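Here are the chains, one letter per residue:
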Amino acid sequence: MAYLINCPYCGPRTTDEFYIKGDASKQRPDTIGDGTLDTWHDYVHIRENVRGRMAEHWHHTGGCRQWLVVERDTVSHEIYAVTPASTWATSRKGSSTAARKKPARKTAARKATGRKTGGRAKT
Amino acid sequence: MKYSIFSLARNAWSGHKNWQPAWRSPDPKPDYDVIIVGGGGHGLATAYYLAKVHGITNVAVLEKGYLGSGNIGRNTTIIRSNYLLPGNNPFYEKSLQLWEGLEQDFNFNAMVSQRGVVNLFHSDGQRDAYVRRGNAMRIHGVDAEIIDQHSLRDMLPFLNFDNGRFPIMGGLMQRRGGTVRHDAVAWGFARGADMRGVDVIQHCEVTGIRREKGKVVGVETSKGFIGCKKLGLAAAGNSTTVAKMAGLELPIESHVLQAFVSEGIKPWLDNVVTFGVGHFYISQSDKGGLVFGGDIDGYNSYAQRGNLPMVEHVVECGLAMMPSLSRARVLRSWGGIMDMSMDGSPIIDKTDIDNLYLNAGWCYGGFKATPASGWCFAHTIANDAPHELNSAMRLDRFRTGYVMDETAHGAQANLH
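Describing the overall build of chain A
Then step 1. The secondary structure content of chain A amounts to 4 helices and 6 strands.
Then step 2. From first element to last, N terminus to C terminus, chain A shows the α and β order β-β-β-α-β-β-β-α-α-α.
Then step 3. In chain A, which comprises 123 residues, the proportion classed as buried is 37%.
Then step 4. Summarising the internal contacts of chain A: among those between residues at least 6 apart in sequence, 50% fall at separations of at least 24.
Then step 5. Accessible surface for chain A amounts to roughly 6900 Å². Of this, 55% is attributable to carbon and sulfur atoms.

Details of helix H8 (residues 308–321) of chain B
All names here are of chain B.
Then step 1. Spanning 14 residues, H8 covers 20 Å between terminal C-alpha atoms, matching the ideal 20 Å at 1.5 Å per step.
Then step 2. Three or more residues of H8 are buried, namely Pro-309, Met-310, Val-314, Cys-317, Gly-318 and Met-321.
Then step 3. Those residues of H8 that are buried lie in contact with strand E4 (117–121), strand E12 (252–264), strand E13 (272–275), strand E14 (280–284) and strand E15 (289–300).

Digging into the pattern of salt bridges
Between side chains of opposite charge, a pair can form when the charged atoms approach closely.
Residue and element names in this part refer to chain B.
Then step 1. Enumeration according to the criterion identifies 24 salt bridges over all chains in this entry.
Then step 2. Ionic pairing is found between Glu-145 and Arg-175, a salt bridge with its closest N-O pair at 2.7 Å. Taken together, the positions of Glu-145 in strand E5 (residues 145–148) and Arg-175 in the loop between strand E6 (170–174) and strand E7 (178–179) put the pair 30 residues apart, joining distant regions of the chain.

Here we look at the packing of aromatic side chains
All names here are of chain B.
Then step 1. All chains considered together, the criterion is met by 18 aromatic pairs over all chains.
Then step 2. Ring plane angle 55° and centroid distance 6.0 Å describe the contact between Tyr-3 and Phe-108, whose orientation is recorded as tilted. With a gap of 105 residues between them, Tyr-3 in the segment before helix H1 (5–13) and Phe-108 in the loop between helix H3 (89–106) and E4 connect regions that are remote in the sequence.
Then step 3. Residue classification places Tyr-3 among the partly exposed residues on the basis of a relative accessible area of 25%.
Then step 4. What makes Phe-108 buried here is its relative accessible area of 16%.
Then step 5. Measuring from centroid to centroid gives 5.1 Å for Tyr-48 and Tyr-49, while their planes differ by 75°, and the two rings are edge-to-face. Pair check on accessibility: Tyr-48 and Tyr-49 agree, each one buried.

Describing the environment of Leu-248 of chain B
Residues and elements named next belong to chain B.
Then step 1. For Leu-248, the position within the fold is in the loop between helix H7 (239–244) and E12.
Then step 2. The sequence separation of Leu-248 and Ile-353 amounts to 105 residues, and the corresponding C-alpha distance is 8.5 Å.
Then step 3. Setting aside anything within four residues of it in sequence, one finds Leu-248 in contact with Ala-243, Thr-351, Ile-353 and Leu-356.

As for the sheet that holds strand E4 (residues 53–59) of chain A
The strands making up a sheet associate through backbone hydrogen bonding, with each pair oriented either parallel or antiparallel.
Residues and elements named next belong to chain A.
Then step 1. Strand order in the open sheet formed by 4 strands is E3-E4-E5-E6, and the pairing between neighbours is antiparallel. Two strands bound the open sheet, and with one partner strand each, they are strand E3 (19–23) and strand E6 (79–84). With direction set aside, neighbouring strand axes in the sheet form an average angle of 25°.
Then step 2. Note that E4 and strand E5 (residues 67–73) share 7 bridges and pair antiparallel. Among the inter-strand pairings, Arg-53 is bridged to a residue of E5, identified as Asp-73.

Re the confidence of the model for chain B
Then step 1. Mean pLDDT over chain B stands at 96; residues scoring 70 or higher make up 100%.
Then step 2. Overall fold confidence for the complex sits at a pTM of 0.92, while the interface term, ipTM, reaches 0.89.

Section: the side chain of Asp-349 of chain B
Residues and elements named next belong to chain B.
Then step 1. The topology assignment puts Asp-349 in strand E17 (residues 347–350).
Then step 2. Among the polar contacts listed, one links the side chain of Asp-349 to the backbone nitrogen of Leu-395, at a separation of 2.9 Å.
Then step 3. Beyond its immediate chain neighbours, meaning those up to four positions away, Asp-349 contacts Tyr-357, Leu-358, Phe-377, Thr-380, Pro-386, Met-393, Arg-394, Leu-395 and Asp-396.

Some thoughts on the confidence of the model for chain A
Then step 1. When pLDDT is averaged along chain A, the result is 78, and 70% of the positions lie at 70 or above.
Then step 2. Taken as a whole, residues 96–123 of chain A scores under 50 in pLDDT and shows 21 contacts with residues more than four places along the chain or in a different chain.

Things to note about the pairing of strand E9 (residues 206–212) of chain B
Residue and element names in this part refer to chain B.
Then step 1. Strand direction decides the pairing type here: E9 and strand E10 (residues 215–221), joined by 6 bridges, are antiparallel. Within the sheet, the bridge partner assigned to Arg-210 lies in E10 and is Gly-218.
Then step 2. From the end of E9 to the start of E10, which pair antiparallel, there are 2 residues, and Lys-213 there has a positive phi angle of about 50°.

Concerning the sheet that holds E4 of chain B
All names here are of chain B.
Then step 1. The strand order E5-E6-E4-E13-E14-E15-E12-E16 describes an open sheet built from 8 strands, whose pairing is mixed. The open sheet has two edge strands, E5 and strand E16 (330–341), and neither has a second partner. Averaged over neighbouring strand pairs, the angle between their axes works out to 25° when direction is ignored.
Then step 2. Relative to E6, E5 runs antiparallel, the two sharing 4 bridges. From the neighbouring strand, Asp-148 faces E6, where its bridge partner is Gly-170.
Then step 3. Taken strand by strand, helix H4 (residues 124–139) contacts E4, E5 and E6, and its axis lies near 150° from that of E4.

Let's talk about the pairing of E5 of chain A
All names here are of chain A.
Then step 1. Most of E5 sits inside the fold, with 6 of its 7 residues counted as buried.
Then step 2. Examined bridge by bridge, E5 and E6 share 5 bridges and lie antiparallel to one another. Each residue of the ladder has a partner; that of Arg-72, found in E6, is Ile-79.
Then step 3. Linking two consecutive strands that pair antiparallel, namely E5 and E6, is a turn of 5 residues; a positive phi of about 70° is found at His-77 within it.

Description of the nonpolar core
What tends to happen in soluble globular proteins is that the nonpolar side chains get buried as a cluster.
All names here are of chain B.
Then step 1. Core analysis: the largest hydrophobic core is formed by 50 residues, its most contacted members being Tyr-49, Phe-91 and Phe-189.
Then step 2. Those elements giving two or more residues to this core turn out to be strand E1 (31–37), helix H2 (41–54), strand E2 (59–62), H3, helix H6 (182–195) and helix H9 (370–383).
Then step 3. Those residues in contact with Phe-91, other than ones at most four positions away along the chain, are Ile-348, Trp-362, Ala-369, Ala-372, Ser-373, Cys-376, Leu-389 and Met-393.
Then step 4. Residues Ile-226, Leu-248, Ile-347 and Leu-395 belong to the second largest nonpolar core, which totals 40 residues.

What counts, and where the lines are drawn
Residues numbered from 1 in each chain as written. Chains lettered and ligands numbered in written order. Predicted model: local features only at pLDDT ≥ 70, side-chain atom pairs only at ≥ 80, totals over all residues. Heavy atoms only, no water. Helix = DSSP H or I, 4+ residues; strand = E, 2+ residues; numbered from the N terminus. Buried < 20%, exposed > 50% of the residue type's maximum accessible area, 1.4 Å probe, protein only. Contact = heavy atoms within 4.5 Å. Areas by Shrake-Rupley, 256 points an atom, 1.4 Å probe, with all protein chains shown as cover. Expected span 1.5 Å × (residues − 1). Salt bridge = Lys/Arg side-chain N within 4 Å of Asp/Glu carboxyl O. Phe/Tyr/Trp six-rings, centres within 6.5 Å; stacked < 30°, edge-to-face > 60°. Pairing = 2+ DSSP bridges. Axes fitted to C-alpha atoms, helices over the stretch in contact; angles between N-to-C directions. pLDDT = per-residue confidence, 0-100. Polar contact = N/O pair within 3.5 Å; in protein donor to acceptor, adjacent residues only side chain to side chain. Core = buried A, V, L, I, M, F, W, Y, C linked by side-chain atoms within 4.5 Å.

Spelled out as structure tokens, the structure:
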């Protein structure tokens, strides 16, 4: 695997600065709406375990402490993209949560933009 | 042919030119009673016990590479049964008992060496936890003893007992634990199964699972369609890939675990020793190389190779425990793909799909379980119901909440 992760806030940093949370494709069910046993079981335990291009949540624990989404290949270990988690979540196509909560989506998007222009990317 | 001192003498007489291959390389038959996907340790052990214990010999083991090319030849060869939880401990103890009689049973030298496994502890709290685990083992009838620092100094004088941050206070020892020559386990089970009529088919990749009216009726392979009455999956590392062919989604992630071996040195380390601070385990092979490993790399992977930060982490742990290791050079390192289950415990069960059975989720503890895994999986397939020993290793335990989480890390596969 590529040894360097190109953090959007800090630039290229070594992988051991990061904590890996895992699969970013899972959407937390609504506690009230679709919070049945099956959906929670699916969210907590079931994994697609992609062979190929996969998106994962990484936390830059030893750096800017921001949550990121690293898209990479689980066979070749090539890294395709590193995105702030908030930007990635709001730009997901066909995202059911995003479609359901339009106002929240706007707020999150504004927050992400604010962070980007906040100067941290330059430091 | 039965291996013995007489067969050795007979073959020596003819210049060792007449040894026969240990197993056949048959073409697949059109259909079988049972097909096992995966010719690793667990798959071959399953076929062996199906034939030996249950008399089911119309069995094929399909392996996409060569026999034993996966984790059975990539692990650090440790066997032990020092588990805490009631659903795990009797199972692993059964495995250790099978190891103890295995070589006579399948007539193959697997170099089972019960040299003792020591888990070091470094604080009062950790000692309490190991005492508790040792007591749980003894309640299950498994041997366990706490070794104090004084005795440990006699046994392993080169440990870093007076490390300022992590002093070694003692260890939990299981004397019946030890190491086994891992390749020979695959070869012994393959030969034993083959002698009883099982077809071990190498370079035969399963590409699809055919179902009719919901039931599994056979598999599509690189050598054509092969029918079966029952299908067992034992494809560690690729369990989710194969299960998806039957429309089954699993609570498993694939992760890479690295292992290392040093240059050969003179006999130095008598036991298997594990470090209680980081995750580090080491033993010395009969060739003299120090065999050691640590944690998984932490990211999902299907590549059988790891990354440098984990190499550094493992070596740091090793040096903190045995500073003299710094004088040994690492000869080789490699990676294997682990089925990391969401609670850190394995699955041996029938599935909701008729005729489909699953053996998966071994995390990185699969090698020691090889004989009992095969024994229990064979029982589950033959009787269409789990044995008491694997009755807690259910696939539906994640849904029902009866998870078996030895380390209490929760549903986070890369922490188990």
